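Notes for the structure review
Listed below are the residues making up each chain.
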Amino acid sequence: MSIPANCQLRPLNTGWFAELAELENRADRVGYADNWLRFAGATMDYSALYKGLAIFELFEREGISVERIHDYVLAAQKRFLDTMDAVDHPLLNRDNLIYHDLQNGHGHFFTFDCGTAEQSERLQQELKSRAVLSDRRQRLLRLGFAIYHGENETYRQVFR
């Protein structure tokens, strides 16, 4: 964040980090810094920026790119679909899968229309009991795919 020279704006709400530059000049009110720190709220934790930088460096070292991650996820989704097609699940099936184009531009998740909010909630609880996390919006249940899924994952525990 940049602050224009001679800016006198003060945050409406503030937190612990807002007065870091003024800790030794404590007065009756919060002494804001003359830079971007005056807008740093109580929930700001700069360690996330350092962690992010470390991840970017790791990805560069390991040759991990957006394209490689996307290809990995597409392979995971294909394994999921292969397993799904081999079973006869009443809700998790091609008829209930909402998609436009699974090969070109589909997100890293699958959304299933479970018919009712009750069926979606029941399925979510059933999946959770098998350590399968999902999210739900009324009658829609969503399963996500990412690089932390193993290369040999077949997703059979989803369809028990």
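Report follows, based on the coordinates. The residue numbering used here restarts from 1 in each chain and proceeds along that chain's sequence as written. Confidence filtering applies because this is a predicted model: local features only for residues at pLDDT of at least 70, side-chain atom pairs given and counted only at 80 or more, and all residues used for totals across whole chains, interfaces and linings. By convention in this description, side-chain values take in all heavy atoms of the structure and omit both hydrogens and water.

1. Remarks on the nonpolar core
- Take the buried Ala, Val, Leu, Ile, Met, Phe, Trp, Tyr and Cys residues and link them wherever side-chain atoms come within 4.5 Å; each set so joined is a nonpolar core. Burial classes follow relative accessibility: with a 1.4 Å probe on protein chains only, a residue under 20% of its type's maximum area counts as buried, one over 50% as exposed, and anything between as partly exposed. In terms of nonpolar packing, the biggest core is built from 21 residues, with Phe80, Phe110, Phe112, Leu143 and Val158 touching the most fellow members.
- Of all the secondary structure elements, the ones that give two or more residues to this core are helix H2 (66–86), strand S2 (109–113), helix H3 (117–129) and strand S4 (140–144).
- Here this core gets five residues from one element, more than from any other, and that element is H2.
- Note on contacts: a residue pair qualifies if any of its non-hydrogen atoms lie within 4.5 Å across the two residues. What Leu143 contacts, discounting residues up to four positions off in sequence, is Phe80, Phe109, Phe110, Phe112, Leu127, Val132, Leu133, Ser134 and Val158. The numbering of helices and of strands both runs from the N terminus, where a helix is a DSSP run of H or I of at least 4 residues and a strand a run of E of at least 2.

2. Let's talk about helix H1 (residues 47–62)
- By this rule the span expected of a helix is its residue count minus one, scaled by 1.5 Å. End to end, H1 covers 22 Å across 16 residues, agreeing with the expected 22 Å (1.5 Å per residue, within 8%).
- Of the residues one or two after H1, Gly63 is the one with positive phi, at around 70°.

3. Focus on the side chain of Asn93
- Looking at the secondary structure, you find Asn93 in the loop between H2 and strand S1 (97–98).
- Using a relative accessible area of 18% as the deciding quantity, one classes Asn93 as buried.
- Throughout this description, a polar contact denotes any pair of N or O atoms lying within 3.5 Å of each other; where both atoms belong to protein, one of them has to be capable of donating a hydrogen while the other can accept it, and for residues adjacent in sequence the pair is counted only when both atoms sit in side chains. A polar contact of 3.2 Å, which involves the side chain of Asn93, links it to the backbone oxygen of Pro90.
- Not counting residues up to four positions away in its chain, the partners in contact with Asn93 are Met84 and Phe112.

4. Things to note about the sheet that holds S2
- Strand pairing is defined by DSSP finding a minimum of two bridges between the two strands. Spatially, S1-S2-S4-S3 is the arrangement adopted by the four strands of the open sheet, whose pairing is antiparallel. The outermost strands of the open sheet, each flanked by one partner alone, are S1 and strand S3 (135–137).
- Examined bridge by bridge, S1 and S2 share two bridges and lie antiparallel to one another. Bridging from a neighbouring strand, Ile98 pairs with Thr111 of S2.

5. Quick word on the layout of surface pockets
- Roughly 270 Å³ of volume is contained in the largest pocket.
- We place a 1 Å grid over just the protein atoms. Points where a 1.4 Å probe fits but has no way out form a cavity, open points with protein on both sides within 12 Å along at least 5 of 7 lines form a pocket, and any residue with an atom within 4 Å of a point lines it. Val132, Leu133, Gly144, His149 and Tyr155 are the residues nearest the centre of the largest pocket, which is lined by 14 residues in total.
- By the convention adopted, Pro, Cys, Tyr, Trp, Phe, Met, Ile, Leu, Val and Ala count as nonpolar, Lys, Arg, Asp and Glu as charged, and the other residues, Gly among them, as polar. Class assignment for the residues of the lining of the largest pocket results in nine nonpolar, four polar and one charged. Grid points are joined across faces, edges and corners, and a volume is the space filled by probe spheres set on the points.

6. Re unusual backbone geometry
- With a phi close to 55°, Gln138 is a non-glycine residue in the positive phi region.
- Relative to the helices and strands, Gln138 is located in the loop between S3 and S4.
- In this model, Tyr155 sits at a positive phi of 70°, which is unusual for a non-glycine residue.
- With respect to the element layout, Tyr155 can be found in the segment after S4.

7. Focus: the pattern of salt bridges
- For this document, the term salt bridge refers to a Lys or Arg side-chain nitrogen within 4 Å of an Asp or Glu carboxyl oxygen. Across all of its chains, the model carries six salt bridges by this definition.
- Between Arg139 and Asp113 there is a salt bridge, and its shortest N-O distance comes to 2.6 Å. On the criterion of sequence distance, the pair formed by Arg139 in the loop between S3 and S4 and Asp113 in strand S2 is long-range, its members being 26 residues apart.
- Residue classification places Arg139 among the partly exposed residues on the basis of a relative accessible area of 40%.

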